[in-house]
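An overview of the molecular structure
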Amino acid sequence: MFTVKKRINFYDCDPAGILFYAKLFEINHSVYEGMIESFKLKKNYWVNDEFVVPIVKTDGAYFKPLKAGETVSINLTVTLKKENSFELTYEWINKSGELAAKARTVHVFVDKKRWVKIPLFDEIVKGLESHQRDVNL
């Protein structure tokens, strides 16, 4: 599991001071980027001539309000790893220790020139496995 603490800014919220729904996915992507950065990869994951890793599926559920000024823990886990793809699950835990939101993203490795699926690189597999566990969404 990869964990990040995040303060919810007022600019992340709707007029009622509650996290705007689309911000959940924006912040999740930032956490994902942090996890990938922690792998210390030799090749630039984000900008290279070989591959891209598009998100092909996503969903989210909201259980408790996430308010401006609140600090939450976002737990990111790899919940499924296949030859060409992986699934990430994000659990947002509020200051009371309650699950406030949960989201999932599915990422596929694709050859950048031919736009066909390719196997995950060993370096990526190793990094993903260090954060893998089973989670039911």
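Note that the structure is a prediction, hence the values are computed from the model and not measured. (Residues numbered from 1 in each chain as written. Predicted model: local features only at pLDDT ≥ 70, side-chain atom pairs only at ≥ 80, totals over all residues. Heavy atoms only, no water.)

1. Quick look at the confidence of the model for the protein chain
What counts is decided by this rule: Looking at any residue, its pLDDT shows the predictor's confidence there, from 0 to 100. Numbering of helices and strands runs from the N terminus; a helix is a DSSP stretch of H or I covering at least four residues, while a strand is a stretch of E covering at least two.
Chain-level pLDDT for the protein chain is 93 on average; 97% of the residues reach the 70-or-more range. For the protein chain, helix α2 (residues 122–129) is the element with the lowest average pLDDT, namely 91, and strand β6 (residues 99–108) is the one with the highest, namely 97.

2. Some details on the sheet that holds β6
Definition in use: Here a strand pair is declared whenever DSSP counts at least two bridges between the two strands. All axes here are fitted lines through C-alpha atoms, helices being fitted over the stretch that makes contact, and every angle between N-to-C directions spans 0 to 180 degrees. Here a residue-residue contact requires only that any non-hydrogen atoms of the pair lie within 4.5 Å.
One open sheet accounts for five strands, arranged β1-β4-β5-β6-β3; its pairing is antiparallel. Strands with a single pairing partner mark the edges of an open sheet, and in this sheet they are β1 (2–7) and β3 (55–62). Direction aside, the axes of adjacent strands within the sheet are offset by 20° on average. Seen against the sheet, helix α1 (residues 21–38) touches β1, β3, β4 (71–81), β5 (85–93) and β6 and runs at an angle of roughly 120° to β5.

3. Points about the pattern of salt bridges
Any two side chains of opposite charge can pair, so long as their charged atoms come close to each other. Note the following rule: Should a side-chain nitrogen of Lys or Arg be within 4 Å of a carboxyl oxygen of Asp or Glu, the pair is scored as a salt bridge. Only protein chains enter the accessibility calculation, which uses a 1.4 Å probe. A residue is then buried if its area is under 20% of the maximum for its type, exposed if over 50%, and partly exposed in between.
Applying the stated criterion across every chain yields a total of ten salt bridges. Among the salt bridges present, the one from Lys23 reaches Glu26, with a minimum N-O distance of 3.3 Å. Taken together, the positions of Lys23 and Glu26, both in helix α1 and three residues apart, correspond to about one turn of that helix. For Lys23, a relative accessible area of 17% gives the class buried. With its nearest N and O atoms 3.2 Å apart, the salt bridge here joins Lys81 to Glu129. Of the two residues, Lys81 is situated in strand β4 and Glu129 in helix α2; the sequence distance between them amounts to 48 residues. Its relative accessible area of 25% is what places Lys81 among the partly exposed residues. One salt-bridge network, held together by shared partners, links Lys6, Asp12, Lys23 and Glu26.

4. What about the side chain of Ser73?
Our working rule: Counted as a polar contact is a pair of N or O atoms within 3.5 Å, where, for protein atoms, one must be capable of donating a hydrogen and the other of accepting one, and residues adjacent in sequence contribute only when both atoms are in side chains.
Along the chain, the position of Ser73 falls in strand β4. Taking relative accessible area as the criterion, Ser73 reaches 15% and is therefore assigned buried. A polar contact of 2.9 Å, which involves the side chain of Ser73, links it to the side chain of Lys5.

5. Observations concerning the environment of Pro65
Turning to its location among the elements, Pro65 is positioned in the loop between β3 and β4. Overall, Pro65 belongs to the partly exposed group, its relative accessible area being 45%. Spatially, the C-alpha atom of Pro65 lies 8.6 Å from that of Ala101, the residues being 36 residues apart in sequence. Residues contacting Pro65, with those up to four places away along its chain left out, are Ile18 and Glu70.

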